[in-house]
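Residue-level listing of the chains:
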Amino acid sequence: MTDQYAELDAALERVVEAARAHLAAVKAAQGRVDDDDVWQAYVNLNNASFAYDEQLLESFGEVTPWDVESIDPDEADARFGTAVGGLDGAAADPYAQVISVRQRRDYRVPSVAALLQVADAARRNSVPDDEEAGTVESVGEAVLELLQAGDGSLASLDVPELEPLDGLLTVSEVKEPLDLEAFADEDGVGPFTPGPEDQLVGRLDEHPFLPDEEDEDDHAGHNH
């Protein structure tokens, strides 16, 4: 049993070390997108967490809250685009393509007052104490505020004050990348309008889960 404890302690220490290394890489990247060191540290942290979870389950039948799967470093590098070392030595593709991903999601607002309140709180948290935050005055402004306070993705709108409705996502092959300077700031149609030579690859229809469906999808145990 002592050896078993020692193995678990060592596995946990590897998780802690991997978490520290990941945090250090994130700080060093300073928000850089697709940073190689951050990705490598992420894979190491994921696999250390998975190994500890597996060992804990095998030894004592207990689990952690970490719902992770092991990542093969070689496959992860391939999905990332290159080896973890980056693009050094890789030849440029003379036929590089541009892919356009466009998404729409609609929401029902059960209570305008509740939505404005949560958006007001998000704005106050993002404004320095010595500045006046101002009041959020419309539903559209509230949604924009939540997006700005979050990471800019639709996940920022996963709040009780918004009920998701149907949505869709399209993937198209386009000739030219988006040129924001070609559209006025108030133009909400032009940037999303397909060009004459754009080719639609496919469309994904998104439907929100109903409460009873979510209950059915909940899993009581820990699966590997």
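In this report, we go over the structure that sits alongside the text. (Residues numbered from 1 in each chain as written. Predicted model: local features only at pLDDT ≥ 70, side-chain atom pairs only at ≥ 80, totals over all residues. Heavy atoms only, no water.)

Turning to helix H5 (residues 139-149), a few remarks are in order. Every α-helical turn comprises 3.6 residues, leaving residues that sit three or four positions apart pointing alike. Buried within H5 are the following residues: Ala142, Glu145 and Leu146. Buried positions in H5, seen along its axis, are confined to an arc of 100 degrees and lie on one side of it. Next to the buried residues of H5 lie helix H4 (112-126). (Buried < 20%, exposed > 50% of the residue type's maximum accessible area, 1.4 Å probe, protein only. Helix = DSSP H or I, 4+ residues; strand = E, 2+ residues; numbered from the N terminus. Arc of directions from axis to C-beta. Contact = heavy atoms within 4.5 Å.)

To continue, consider the pairing of strand S2 (residues 163-174). Both strand S1 (residues 98-108) and S2 contribute to a ladder of 10 bridges, which runs antiparallel. Along S2, the bridge assignment pairs arginine 105 with glycine 167. (Pairing = 2+ DSSP bridges.)

Looking now at the sheet that holds strand S3 (residues 199-206). One open sheet accounts for 3 strands, arranged S1-S2-S3; its pairing is antiparallel. Looking at the sheet topology across the chains shown, the edges are occupied by S1 and S3. Ignoring strand direction, the axes of neighbouring strands in this sheet form an average angle of 15 degrees. The pairing of S2 with S3 spans 7 bridges and is antiparallel. Counted as the bridge partner of serine 172 is leucine 200 from S3. (Axes fitted to C-alpha atoms, helices over the stretch in contact; angles between N-to-C directions.)

Attention shifts here to H4. Here H4 spans 21 Å end to end across 15 residues, near enough to the 21 Å set by a 1.5 Å rise per residue. Listed in full, the buried residues belonging to H4 are Leu115, Leu116, Ala119, Asp120, Ala122 and Arg123. Buried residues in H4, looked at end-on, bunch into an arc of 165 degrees, giving them a common side. Within H4, the exposed residues directed more than 90 degrees away from the buried face are Ala113, Gln117, Arg124 and Asn125. Those residues of H4 hidden inside the fold are in contact with H5. (Expected span 1.5 Å × (residues − 1).)

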